[in-house]
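Residue strings, one per chain:
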Amino acid sequence: MLKKVDSSQLKVGMFIHDLSCDWMSHPFMRNRFLLSSEDEIRKIVQAGIHDVVIDSDKGLDVQDAPTLQEAQEATERELTELAAKPVTVMRVSLGEELSRAAQVRHQASSLVRSVMADARLGKAIEIGQVQPVVQNITESILRNPGALVGLLRIKNKDDYTFLHSVSVCALLVAFCNSRGMAPEVTRQAGLGGLLHDTGKALVPDDVLNKPAALTDEEFAVIRKHPEDGYNILKQSPEINDIALDITLHHHERCDGSGYPHKLSGTQISELAQMAAIVDVYDAITADRCYHKGMSAAAALRKIYEWSKFHFNPQYAQEFMRCVGIYPVGTLVLLESGRLGVVVEPHETNLLAPKVNVFFHTKRNAYIKPETVDLARGIGFGGGDKIVGHESAAKWNVDPMRFLTLA
């Protein structure tokens, strides 16, 4: 049986089913293993991991611990309450913005590739070349955040580093906008998001993309990238303090378990705390050579759970309202048995977005695609509801093909 336990309850002989953290927060090769020493428990605690999932059928049990299903049901109840608050209204439809967003995606990823190349050569980053791209990203997000953010969820191993930076920029701009921040602050935060991983240009590729557990020495190299990036960007006279702060502190955590300075609570700036949430969200949704990315909906639930310790809970909740409980591009299963891809959040109920349905699970067959507004009743384009998010691989479908209907 899978159970959620506090890390203080761990004992040698328990079987870890899930470490409940992003991959860069723990030094183990796998998320699932039998605890064989006190040293392994010490490493879990030192990594700032506060709770884990154990499998009591494969190791020692904690009798009074909630089952994983009970913990997940409690989270869903809390999210149902959260979903009733209003979200940002989009200016144009997803279909109208997709082609422009695709151009912005290409332009921005090419720029980040160039920035990384300059950084490796020791050249100062020309901020004047970066700012227009940040402006284009900002304008796309203001027209319809789901278009660019949805497209940026498609990454491969070769362009991950570059597209991750673009994703963090886009998501951070959307986050700032949804929180009503000043346009100039939003643009500067976007600049920080686009450049936040510049220091990874100095990390050897065989360490950055290693498909196995990192050694302590390799971890130390990876964890230097915020300071390396900060030092690289400081060479550019046009760089602003917001971008420098985001670059240096996007791996800090509210409980003091982050790096490079182990800051905690209000020692971390508001924008750096927001960037930390965005950075982790995008990282855990991407496929990498060392782990399979989770769905956006599952990732948001992880962010919500981790906000008890690692993130500011208020910011985590506001981020979820920003991107939606079921973000654009999420594959969802409806009560009718149909699969659909989320194309637009509802203004006041994040549990009732518009979805394009295209597949019937009970028939195991494609159906004529149509848009269903889950906020409407039967006979008015609705009459269905989401029962959960699904894996595209499970059904061998590509939901991104159905973001727009012909």
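Residues numbered from 1 in each chain as written. Predicted model: local features only at pLDDT ≥ 70, side-chain atom pairs only at ≥ 80, totals over all residues. Heavy atoms only, no water.

As annotated in an unreviewed UniProt entry, the chain is DUF3391 domain-containing protein from Pseudoduganella rivuli.

Student: Can you walk me through unusual backbone geometry in this structure?
Tutor: Peptide bonds are trans in most cases, and residues, glycine excluded, mostly fall at negative phi. Here tyrosine 259 and proline 260 are connected by a cis peptide whose omega angle stands at 15°. Tracing the backbone shows proline 260 in the loop between helix H11 (241–249) and helix H12 (270–284). You will see that lysine 262, though not glycine, has its phi angle at about 50°, which is positive. Its identity as a non-glycine residue notwithstanding, asparagine 396 has a phi of 55°, on the positive side. Positionally, asparagine 396 belongs in the segment after helix H15 (392–395). (Helix = DSSP H or I, 4+ residues; strand = E, 2+ residues; numbered from the N terminus.)

Student: Just to check I follow, could you spell out the sheet that holds strand S1 (residues 2–6) for this structure?
Tutor: As a general point, the strands of a sheet are linked pairwise by backbone hydrogen bonds and lie either parallel or antiparallel. Spatial ordering of the open sheet is given by S1-S4-S2-S3, a layout of four strands whose pairing is antiparallel. With one partner strand each, in any of the chains shown, S1 and strand S3 (33–34) form the two edges of the open sheet. Direction of pairing for S1 relative to strand S4 (residues 51–55): antiparallel, over a ladder of five bridges. If you follow leucine 2 over to S4, its bridge partner there is aspartate 55. (Pairing = 2+ DSSP bridges.)

Student: Just to check I follow, could you spell out the pattern of salt bridges for this structure?
Tutor: Oppositely charged side chains can form a pair if their charged atoms are brought close together. The full count for this structure, using the stated rule, is 18 salt bridges. Between glutamate 305 and lysine 4 there is a salt bridge; the shortest N-O distance is 3.3 Å. Remark: lysine 4 occurs in strand S1 and glutamate 305 occurs in helix H13 (residues 296–306); sequence separation between them is 301 residues. The pair glutamate 305 / lysine 4 is uniform in exposure class, with both members buried. A salt bridge links glutamate 270 to arginine 179; its shortest N-O distance comes to 2.6 Å. With glutamate 270 in helix H12 and arginine 179 in the loop between helix H6 (160–178) and helix H7 (183–195), the pair connects residues that are 91 residues apart, well separated along the chain. Judged by relative accessible area, which is 22%, arginine 179 ranks as partly exposed. (Salt bridge = Lys/Arg side-chain N within 4 Å of Asp/Glu carboxyl O. Buried < 20%, exposed > 50% of the residue type's maximum accessible area, 1.4 Å probe, protein only.)

Student: Whenever I open this one, the pairing of S4 confuses me. Can you help?
Tutor: Side-chain positions along a regular strand alternate between the two faces of the sheet. Most of S4 sits out of view: five of its five residues are buried. Alternating positions in S4 separate into two faces, Asp51, Val53 and Asp55 on one and Val52 and Ile54 on the other, with burial throughout. Across two bridges, strand S2 (residues 15–18) lies against S4 in antiparallel orientation. The residue of S4 that forms the bridge with isoleucine 16 is isoleucine 54.

Student: Quick question: what am I supposed to make of H7 here?
Tutor: Because the α-helix completes a turn every 3.6 residues, residues three or four places apart line up on one side. With 13 residues, H7 extends 19 Å from end C-alpha to end C-alpha; this agrees with the ideal 18 Å at 1.5 Å per step. Among all positions in H7, only Thr186, Gln188, Ala189, Gly190, Leu191, Gly192, Gly193, Leu194 and Leu195 are buried. Of the surrounding elements, those touching the buried residues of H7 are helix H3 (94–120), helix H4 (127–143), H6, helix H10 (225–233), H11 and H12. (Expected span 1.5 Å × (residues − 1). Contact = heavy atoms within 4.5 Å.)

Student: Could you clarify how one ought to interpret the sheet that holds strand S9 (residues 386–389) in this entry?
Tutor: Pairing is antiparallel across the open sheet formed by five strands, whose spatial order is S8-S7-S6-S5-S9. The open sheet has two edge strands, strand S8 (365–373) and S9, and neither has a second partner. Across the sheet, the mean angle from the axis of one strand to that of its neighbour is 30°, orientation sign disregarded. Relative to S8, strand S7 (residues 354–360) runs antiparallel, the two sharing six bridges. Each residue of the ladder has a partner; that of valine 355, found in S8, is valine 372. (Axes fitted to C-alpha atoms, helices over the stretch in contact; angles between N-to-C directions.)

Student: Whenever I open this one, the environment of glutamine 107 confuses me. Can you help?
Tutor: Tracing the backbone through its elements, the reader meets glutamine 107 in helix H3. As a C-alpha pair, glutamine 107 and valine 133 span 26 residues in sequence and 7.4 Å in three-dimensional space. In this structure glutamine 107 touches Val133 and Asn136, once residues within four positions along its chain are discounted.

Student: What should I look at first to understand the domain arrangement of the chain in this one?
Tutor: Where interface size is given, it is often the accessible area lost as the parts come together that is meant. The domain architecture assigned to the chain consists of domain 1 (2–66), domain 2 (94–323) and domain 3 (330–402). On a C-alpha basis, the centres of domain 1 and domain 2 stand 28 Å from each other. (Domains from an automatic or database assignment.)

Student: Teacher, can you tell me more about the packing of aromatic side chains here?
Tutor: Note on aromatic pairs: each is described by the distance of the centres and the angle between the planes. Across all of its chains, the model carries seven aromatic pairs by this definition. Ring geometry for phenylalanine 359 and tryptophan 395: centres 6.0 Å apart, planes at 55°, overall tilted. On the criterion of sequence distance, the pair formed by phenylalanine 359 in strand S7 and tryptophan 395 in helix H15 is long-range, its members being 36 residues apart. One aromatic cluster is present, formed by Phe358, Phe359, Tyr366, Trp395 and Phe402 through successive ring pairs. (Phe/Tyr/Trp six-rings, centres within 6.5 Å; stacked < 30°, edge-to-face > 60°.)

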